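So you can see what is in the structure, the chains are spelled out below.
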Amino acid sequence: MLNFTDVTLRRGPRVLFADATFGLFRGEKVGITGENGSGKSSLLSLVRGELHPDSGSFEMPPGLAVAHVSQELLATDQAAIEFILDGDAELRALERDIAAAEAADKGARIGELHGRYAAVGGYDARSRAGRLMHGLGFTTADESRPMRAFSGGWRVRLNVAQALMCRSDLLLLDEPTNHLDLDAILWLERWLSDYPGTLLLIAHDREFLDRIVNRVVNIEHGRARAYRGNYSAFEEQRAAELAEQSALFTRQQQQIRHMESFVERFRAQATKARQAQSRLKALERMQRIAPAHVDSPFEFEFRQPDKLPRPLLALENQSAGYAERVLLQRVSLSIAPGDRIALLGRNGAGKSTLMKLLAGELTGLSGTRTEARDLALGYFAQHQLEQLAADDSPLGNLKRLGGALATRATEQELRDFLAGFGFRRPNLLLLDEPTNHLDLEMRQALAVALQDYAGAVVVVSHDRHLLRTVADEFHVVHGGRVQPFDGDLEDYAQWLAQASVAETGTESRADSADARRQRRREDAQRRAALSPLKAQLAKLESQLDRLSRETQQVQTALAAPDIYTDAAKGRLRELLDQQTRLARDTQRVEAAWLTGSEELEALQKSLAEAGS
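So, here's what we can say about the structure. Predicted model only: the values in this text are computed from it and were never measured.

**Let's talk about the overall build of the chain**
Turning to step 1, where the next piece is worked out: Scanning the chain for helices and strands turns up 20 helices and 18 strands.
Turning to step 2, where the next piece is worked out: Here the chain holds 612 residues, and 47% of them are scored as buried.
Turning to step 3, where the next piece is worked out: The long-range share in the chain, meaning contacts at least 24 apart out of those at least 6 apart in sequence, stands at 70%.
Turning to step 4, where the next piece is worked out: Here the chain has roughly 30200 Å² of accessible surface; of this, 49% comes from carbon and sulfur atoms.

Take a look at the structure:
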């Protein structure tokens, strides 16, 4: 379906990859992997026709319906659900054609268009768009809100929904899980697994890739190669390739022994709790995949804390919020050295608020906060990215933002500081979405670094691999409360599904009147679609009745004996001409009536199926 033959692609003078030859076939789900800047997004731009090979050739069948996520974040007055419906271009074109036909009162054309509209799912399109919105975390009330009312992150979700609305043959997704929380990722994972077309997917979430893709195209060292299987299968193949290089084989053995020490240390102290056992399995898996990452250029290291007081921090019955709005109530949490806590919950539930409360950036509205005298916090917050200059280097940003200490430090000291995520010997790490904008190799390096760290970690992340390998215990932020969660991520997915069903039921009861009105509107649309054809058929039947009466009159006149006398020759000729014309008109109208009847029957069947 998609054929790459000796393709070389450049960005300016830099070769992204050269001499790439592989084919991707209809229905395959392909993960595009490689470090940031390797050329993954450029590969998708090549498929979209926005870039062309510098040498070699790329071919794809003509006429494919291709969908991709727009990078433009529109802030208009258009209702969100109308924006998503725009993703189905054929549907919107049919709606415009129907409006034009109705304005011109073309009955037969209207009937034909409504038949096509039903065939492409037009009558349930709004419901389909609503399901996409709900799956990506929107409420029913959000459907009618204008685009400008949403923040940038939520408009990204709307762009994703619009791409999914397209009934595409080929779907191109570039990091679609950015700005999604875990429940939206789980929903998108299921949707993409059921997608019948060909998928090209860039993602830095290994579990997301593992559960969806059946092929991997990896771009590294200026080469693009295709592998069979999911991401884990690719890691095994890559580890075998690296083992053929003797220097890397030695490093592989060292890394295996290093990871083995983590596994055995944790096995000795792991509790019987489900997440603790899940973490043990995840660490064993990290040991198996370590050989695939020995040539990674990325290493993180968190310096060991000077002191480890117990407990480090304790909150007792604290409430938190902003202005008059209380988001969290009666939060009680004690954190000791070695704790590995992950916070779960939907977007907006209050996870980042809790992290700010733990970091001391937000003052509790009630309750008590007890800090150890030697508490040393390391806090990574999502908003810190907004302070960085995109056109500056990491060292340049650090010198600009790091104050007097950064000014006096040597370049090597600054590099060591960056390698530890910018933290100086903390004993409590608070990491709020630390993997955003990190590629797969960087995420792996972070997960490994956290295994060696002796202090406590509290993390918020939608990266399930990081959660599985780092967290011993989960706490769920929901309904303004923070509660321990006795389960693993699979249990959490079930909890989310049950909560969603309960909320949908409540929402359905609240919106039942709206739902009834919507059904009535759809029924009216279906009836309206039949009306033009029925009117056309009634008109044809009336013409047939008239033609039948006129034909009978001519036949009666031709049966009279005096019509055949010499005196009536002129009248006879007129009657015979009229008989011929009536027969011709009757045949024409009968043919039109039969065609219209077949169209009406087909349309009634299509509408019945659409309404069932």
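There's plenty left to go through after this.
**Thoughts on the pairing of strand 17 (residues 473-478)**
Turning to step 1, where the next piece is worked out: Two strands pair when backbone bridges link them, and strand 12 (residues 340-344) and strand 17 are joined in this way by four bridges, in the parallel orientation. Looking at the pairing, Leu343 lines up with His475 of strand 17.
Turning to step 2, where the next piece is worked out: Between strand 17 and the antiparallel strand that follows it, strand 18 (residues 481-485), lie two residues; Gly479 among them carries a positive phi value of about 60°.

**Some remarks on helix 16 (residues 440-452)**
Since the α-helix turns once every 3.6 residues, residues separated by three or four places project in the same direction.
Turning to step 1, where the next piece is worked out: Where burial is concerned, most of helix 16 is hidden: 12 out of the 13 residues are buried.
Turning to step 2, where the next piece is worked out: All buried positions along helix 16 are accounted for by Leu440, Glu441, Met442, Arg443, Gln444, Ala445, Leu446, Ala447, Val448, Ala449, Leu450 and Gln451.
Turning to step 3, where the next piece is worked out: N-capping of helix 16 is provided by Asp439, with a side-chain oxygen placed 3.2 Å from the backbone N of Glu441.

**With respect to the packing of aromatic side chains**
Turning to step 1, where the next piece is worked out: Applying the stated criterion across every chain yields a total of 11 aromatic pairs.
Turning to step 2, where the next piece is worked out: Relative to Phe150, the ring of Phe138 has its centre 5.6 Å away and its plane inclined at 85°; by these criteria the two rings are edge-to-face. Of this pair, Phe138 sits in the loop between helix 5 (125-135) and helix 6 (152-165) while Phe150 sits in the loop between helix 5 and helix 6, and the two are 12 residues apart along the sequence. Accessibility classification places Phe138 together with Phe150 in one group, the buried group.

**Remarks on the sheet that holds strand 4 (residues 55-59)**
Turning to step 1, where the next piece is worked out: Read across the open sheet, the three strands follow the order 2-1-4; overall the sheet is antiparallel. This sheet does not close on itself; its edge strands, each paired only once, are strand 2 (14-24) and strand 4. With direction set aside, neighbouring strand axes in the sheet form an average angle of 25°.
Turning to step 2, where the next piece is worked out: In the sheet, strand 1 (residues 2-11) pairs with strand 2 via seven bridges, with the strands oriented antiparallel.

**Some points on the pattern of salt bridges**
Turning to step 1, where the next piece is worked out: Considering all chains together, one arrives at 33 salt bridges under this definition.
Turning to step 2, where the next piece is worked out: The salt bridge partner of Glu50 is Arg48, with a shortest N-O separation of 2.9 Å.
Turning to step 3, where the next piece is worked out: One salt bridge connects Glu189 with Arg464, and the closest N-O pair in it is separated by 2.5 Å. Note that Glu189 is positioned in helix 7 (residues 182-194) and Arg464 in helix 17 (residues 464-470), a separation of 275 residues in sequence.

**Here we look at the packing of helix 5 against helix 6**
Turning to step 1, where the next piece is worked out: Closest axis-to-axis distance for the helix 5/helix 6 pair is 10 Å, and the angle between their directions is 140°. Here helix 5 lies oblique to helix 6, going by the angle between them. In the packing of helix 5 onto helix 6, the handedness of the crossing is right-handed. Across from Ala125, Arg128, Ala129, Leu132 and Met133 in helix 5, the residues of helix 6 making contact are Leu158, Ala161, Leu164 and Met165.
Turning to step 2, where the next piece is worked out: The residue makeup of the contact of helix 5 with helix 6, split by class, is eight nonpolar, no polar and one charged.

**Topic: the sheet that holds strand 16 (residues 456-460)**
Turning to step 1, where the next piece is worked out: Strand order in the open sheet formed by six strands is 14-15-16-12-17-18, and the pairing between neighbours is mixed. Among the strands making up the open sheet, the edge pair consists of strand 14 (377-380) and strand 18. On average, adjacent strands in this sheet sit at an angle of 20° to one another, irrespective of strand direction.
Turning to step 2, where the next piece is worked out: In terms of strand pairing, strand 12 meets strand 16 through three bridges, oriented parallel. The partner of Arg340 across the bridge, within strand 16, is Val457.
Turning to step 3, where the next piece is worked out: In the packing of helix 12 (residues 351-359) onto the sheet, the strands contacted are strand 12, strand 14, strand 15 (428-432), strand 16, strand 17 and strand 18, and the crossing angle to strand 15 comes to about 155°.

**Some thoughts on the environment of Arg464**
Turning to step 1, where the next piece is worked out: The buried category is assigned to Arg464, whose relative accessible area is 2%.
Turning to step 2, where the next piece is worked out: Placed 257 residues apart in sequence, Arg464 and Glu207 show a C-alpha to C-alpha distance of 6.6 Å.
Turning to step 3, where the next piece is worked out: The residues contacting Arg464, other than those within four sequence positions of it, are Leu182, Ile185, Leu186, Glu189, Asp205, Glu207, Phe208, Arg211 and Leu489.

**Some points on the nonpolar core**
Turning to step 1, where the next piece is worked out: Residues Ile84, Leu158, Leu171, Leu192, Leu199, Leu201 and Phe208 are the most contacted members of the largest nonpolar core, which totals 53 residues.
Turning to step 2, where the next piece is worked out: Among the elements that line this core, the one with the most residues is helix 6, at six residues.
Turning to step 3, where the next piece is worked out: Counting 38 residues, the second-largest nonpolar core is a separate cluster that includes Leu280, Leu438, Ala447 and Leu489.

**Section: the side chain of Asp210**
Turning to step 1, where the next piece is worked out: Topologically, Asp210 is positioned in helix 8 (residues 206-212).
Turning to step 2, where the next piece is worked out: Using a relative accessible area of 18% as the deciding quantity, one classes Asp210 as buried.
Turning to step 3, where the next piece is worked out: Setting aside chain neighbours within four positions, we find Asp210 in contact with Asn230, Tyr231, Ser232 and Arg285.

**Quick word on the side chain of His475**
Turning to step 1, where the next piece is worked out: With respect to the element layout, His475 can be found in strand 17.
Turning to step 2, where the next piece is worked out: Within the structure, His475 has its side chain in polar contact with the side chain of Glu473 (distance 3.2 Å).
Turning to step 3, where the next piece is worked out: Leaving out residues up to four positions away in the same chain, His475 has contacts with Leu333, Ile341, Ala342, Leu343, Leu344, Val482, Gln483, Pro484 and Phe485.

Definitions and cut-offs
- Residues numbered from 1 in each chain as written.
- Predicted model: local features only at pLDDT ≥ 70, side-chain atom pairs only at ≥ 80, totals over all residues.
- Heavy atoms only, no water.
- Helix = DSSP H or I, 4+ residues; strand = E, 2+ residues; numbered from the N terminus.
- Buried < 20%, exposed > 50% of the residue type's maximum accessible area, 1.4 Å probe, protein only.
- Contact = heavy atoms within 4.5 Å.
- Areas by Shrake-Rupley, 256 points an atom, 1.4 Å probe, with all protein chains shown as cover.
- Pairing = 2+ DSSP bridges.
- Polar contact = N/O pair within 3.5 Å; in protein donor to acceptor, adjacent residues only side chain to side chain.
- Phe/Tyr/Trp six-rings, centres within 6.5 Å; stacked < 30°, edge-to-face > 60°.
- Axes fitted to C-alpha atoms, helices over the stretch in contact; angles between N-to-C directions.
- Salt bridge = Lys/Arg side-chain N within 4 Å of Asp/Glu carboxyl O.
- Parallel < 35°, antiparallel > 145°, perpendicular 65-115°, else oblique.
- Left-handed = near helix turned anticlockwise from the far one by under 90°.
- Nonpolar A, V, L, I, M, F, W, Y, C, P; charged D, E, K, R; others polar.
- Core = buried A, V, L, I, M, F, W, Y, C linked by side-chain atoms within 4.5 Å.

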